[in-house]
Each structure stands twice: as structure tokens, then as C-alpha cells.
Amino acid sequence: MFKSIFAGAVAATALAGTALAADLPRRTAAAAPAPAYKAFNWTGAYAGINGGYEFGKATKSAGSTVGNIDGYSFGATAGYNQQIDNFVVGVEGDLAKTNIDGSTGSNSAKITSLGTVRARAGVAVDRALVYGTAGYAGGNMKVTSGASGTEWGNGY
């Protein structure tokens, strides 16, 4: 009799364990953690092309007015930035071929090329950079006002 009870208890335990195992949820891998946010870094070299349309008023150094000038420009830009925490410093230069000209009567002006080299300092806010810049600017100019002359003009 004791063998019958023991055999019945073993059978009941085995069947009960199987029935409970079928109701367990399926094991799945834990969800991957969200990727860590990485702020944009402005450090590095860059290069590009530039183009535009310029306009203004030209005067000769003696004060004679040439008049309104306008035209296109197309060129290249290159620079390097270094970011330290949120502060960014850098240097940039560009050179452009232009066709800016104008005339009034016997006075005329033509700018054939422009170039700049400048320093930059600013504050980075992720992908936005608020900065100031200052440096050298120059251009190849031909001005005619009675006599004509070609010169490289310098500025800042």
C-alpha cells in the first residue's frame, strides 16, 4: 500500500510540474538600452565652395564717385576649428573670382578677385555655432577716372 501511495504522489508531482511549465511565459532577451546622446563636436578641418552676388557703391581715393557696382563671385573656402568644452576657436580663408563692375560717365570700376583670412571665436550649442570673426580682406581692382590703374586693395 505504501508503494501505491508513493507511486501516486510521484505521478501527481510529475504531471503537476508539466502542467505548470506550459503556463510560464517565454523568456526573451532584455531590451537594449537607449543609445547615449553624443553632442556635436566642431573640431576639425573643412572645405567648400562659395558663390554669391555683390553690390555696392565705388569711389576712388581722390573722392570721385564711380557709382553703383554689382556682379557675381564664385570661389573656395577652407578652415579649421578647435572646440574646447563649448568654446570654439578657428581660422578660415577664402578666395573668389569675381565679375563685379560698374560705371558712371568716364568713371568705372571692376573687381576681379576677392580674398580673406580671418580668425573666429564663438560658443557652440550642439549643432549651432554663435561666433564673431575678424581678419584681413583684399581684392584686385581696376579703377578708371581720367587715368586708369590696377591695384590690390587691402582692408579688414
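Computed from a predicted structure; not experimentally measured.

Draft legend 1. Molecular detail of the side chain of S73. Among the secondary structure elements, S73 is positioned in strand β2 (residues 65-84). A residue is classified by how much of its surface remains accessible, and S73, at 8% relative accessible area, is buried. A distance of 2.9 Å separates polar atoms of two side chains, one belonging to S73 and the other to E54. Those residues in contact with S73, other than ones at most four positions away along the chain, are N50, G51, G52, E54, A96, K97 and T98.

Draft legend 2. Region of the structure containing the confidence of the model for the chain. On average, residues of the chain score 84 in pLDDT, and 81% of them reach the 70 mark or higher. In the model of the chain, helix α1 (residues 2-21) stands out as the element of lowest mean pLDDT, 62, in contrast to strand β3 (residues 87-104), which has the highest, 93.

Draft legend 3. How the structure looks around the nonpolar core. Ranked by size, the top nonpolar core spans seven residues in total: A58, V66, I69, I100, A109, I111 and V143. Elements represented by at least two residues in this core include exactly β2 and β4 (107-125). Once you skip the residues sitting within four places of it in the chain, I100 turns out to touch E54, I69, D70, G71, Y72, A109, K110, I111 and L114.

Draft legend 4. Fine view of the environment of Y131. The residue Y131 is located in strand β5 (residues 128-145) in this model. With sequence-adjacent residues up to four places away left out, Y131 is seen in contact with R120, A121 and G122.

Draft legend 5. Seen up close, the pairing of strand β1 (residues 44-59). Summarising burial for β1: one of the 16 residues are buried, a small minority. Here β1 pairs with β2 via 16 bridges, running antiparallel. In the sheet register, E54 faces β2, and the bridge partner there is G71.

Draft legend 6. Broad picture of the pairing of β3. Bridging between β2 and β3 involves 13 bridges; their strand directions are antiparallel. Bridge assignment links Y80 to a residue of β3, and that residue is V91. A loop of two residues connects β2 with β3, the two strands running antiparallel in sequence, and D85 in this loop sits at a positive phi of about 55°. Both β3 and β4 contribute to a ladder of 16 bridges, which runs antiparallel. Bridge assignment links L95 to a residue of β4, and that residue is G115. Counting the residues that bridge the hairpin from β3 to β4 gives two residues, and of these G105 lies at a positive phi of roughly 60°.

Definitions and cut-offs
Residues numbered from 1 in each chain as written. Predicted model: local features only at pLDDT ≥ 70, side-chain atom pairs only at ≥ 80, totals over all residues. Heavy atoms only, no water. Helix = DSSP H or I, 4+ residues; strand = E, 2+ residues; numbered from the N terminus. Buried < 20%, exposed > 50% of the residue type's maximum accessible area, 1.4 Å probe, protein only. Polar contact = N/O pair within 3.5 Å; in protein donor to acceptor, adjacent residues only side chain to side chain. Contact = heavy atoms within 4.5 Å. pLDDT = per-residue confidence, 0-100. Core = buried A, V, L, I, M, F, W, Y, C linked by side-chain atoms within 4.5 Å. Pairing = 2+ DSSP bridges.

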